[in-house]
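Coordinates in review
What follows is each chain in one-letter form.
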Amino acid sequence: MGCMTVHSNPSDRQPARVELGYVVGAHALKGELRVRWLGDGPENLLSADSIWLAESLSDSGAPVYEVRAVGAGRSGEVRLKLDGVDDRTAAEELRGRMVLVDASQLAPLAEGEFYWHELIGFRVETLEGVEVGEVTEIWDTGAHDLLVVRSESGAQSLIPTAREIMKDVEADARRIVIDALPGLIEGGE
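Residues numbered from 1 in each chain as written. Predicted model: local features only at pLDDT ≥ 70, side-chain atom pairs only at ≥ 80, totals over all residues. Heavy atoms only, no water.

1. Considering the overall build of the protein chain
Counting secondary structure elements, the protein chain contains two helices and 13 strands. Buried residues in the protein chain amount to 45% of all 189 residues. Residue pairs at least 24 apart in sequence account for 53% of intrachain contacts in the protein chain once pairs closer than 6 positions are excluded. (Helix = DSSP H or I, 4+ residues; strand = E, 2+ residues; numbered from the N terminus. Buried < 20%, exposed > 50% of the residue type's maximum accessible area, 1.4 Å probe, protein only. Contact = heavy atoms within 4.5 Å.)

Next up, the structure:
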């Protein structure tokens, strides 16, 4: 399973953009960016041909940059050299930006595996068959990621992706089955 945050709106006509990391600063003097990667590893970030650098999740006008070079960085980081970012000052101005890629750029996974962003729109129900709601977002928390699930009434529940809770993912049925521990579901018992 790939573990990263996705920010897309099914009604948008733009491709789904997946957040792979964020800019933490500049490296050296020639415009290289230090990027803290999110998720299970930096592989997709290291293989990206182009990226968006967004100021916020709703930044539909985020500029696209062609990736000229990539490399290993400090622990949990990679270095990126982008077209148009040619000195340290330009790189520092990008600090804090989200690094997004088109979901179609992600490496294919083995049969039965999925990226977290593919779960957007899946319905969530308990082992007993009680409908909880639909996955609207996924938050990367550094520990277990959280499925943000909104019920038909508008109640929001945060469901950890821990194996003890998230019991089954049925991709064909677009359904996730959870073990609803007491207090887990908003408005639940």
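Moving on from the coordinates now.
2. Some thoughts on the pairing of strand S7 (residues 98-102)
For S7, the tally of buried residues reaches five of five residues, placing the bulk of the element in the interior. Neither face of S7 is left uncovered, since the one carrying Met98, Leu100 and Asp102 and the one carrying Val99 and Val101 both have all their residues buried. Across five bridges, the pairing between strand S2 (residues 17-27) and S7 is antiparallel. By the bridge assignment, Val18 is partnered in S7 with Val101. In terms of strand pairing, strand S4 (residues 50-54) meets S7 through three bridges, oriented antiparallel. Residue pairing across strands places Trp52 opposite Leu100, the latter belonging to S7. (Pairing = 2+ DSSP bridges.)

3. What about the pattern of salt bridges?
Across all of its chains, the model carries 13 salt bridges by this definition. In this structure, the salt-bridge partner of Arg175 is Glu125, at a minimum N-O distance of 2.2 Å. Placement of the pair is Arg175 in strand S13 (residues 175-178) and Glu125 in strand S8 (residues 123-126), with a sequence separation of 50 residues. A residue is classified by how much of its surface remains accessible, and Glu125, at 10% relative accessible area, is buried. One salt-bridge network, held together by shared partners, links Arg123, Glu125, Glu131, Glu170 and Arg175. (Salt bridge = Lys/Arg side-chain N within 4 Å of Asp/Glu carboxyl O.)

4. Let's talk about the nonpolar core
Leu33, Val35, Ile51, Leu53 and Leu82 are the most contacted members of the largest nonpolar core, which totals 23 residues. Of all the secondary structure elements, the ones that give two or more residues to this core are S2, strand S3 (32-37), S4, strand S5 (64-72), strand S6 (77-82) and S7. With four residues, S2 is the largest single contributor of residues to this core. Each residue touching Leu53, except ones within four places of it in the same chain, is listed here: Val23, Leu33, Asp59, Ala62, Pro63, Tyr65, Leu82, Leu94, Arg97, Met98 and Val99. (Core = buried A, V, L, I, M, F, W, Y, C linked by side-chain atoms within 4.5 Å.)

5. So, unusual backbone geometry
Positive phi outside glycine occurs at Ala28, with the angle close to 60°. Mapped onto the secondary structure, Ala28 falls in the loop between S2 and S3. Phi angles above zero are rare outside glycine, and Arg174 is one such case at about 50°. Of note, Arg174 is situated in the loop between strand S12 (166-170) and S13. Accessibility expressed as a relative area gives 40% for Arg174, which makes it partly exposed.

6. Observations regarding the packing of aromatic side chains
For the structure on display, the rule yields zero aromatic pairs. Across the ring face of Trp52, the terminal group of Arg17 is positioned such that the distance to the ring centre comes to 5.0 Å. (Phe/Tyr/Trp six-rings, centres within 6.5 Å; stacked < 30°, edge-to-face > 60°. Lys NZ or Arg CZ within 6 Å of the ring centre and 35° of its normal.)

7. With respect to the environment of Arg79
Tracing the backbone shows Arg79 in strand S6. Separated by 43 residues in the primary sequence, Arg79 and Arg36 have C-alpha atoms spaced 8.9 Å apart. Those residues in contact with Arg79 that sit more than four places away from it in its chain are His27, Glu32, Leu33, Ala69, Val70, Gly71, Ala72 and Gly73. At a separation of 3.2 Å, a polar atom in the side chain of Arg79 contacts the main-chain carbonyl oxygen of Ala72. (Polar contact = N/O pair within 3.5 Å; in protein donor to acceptor, adjacent residues only side chain to side chain.)

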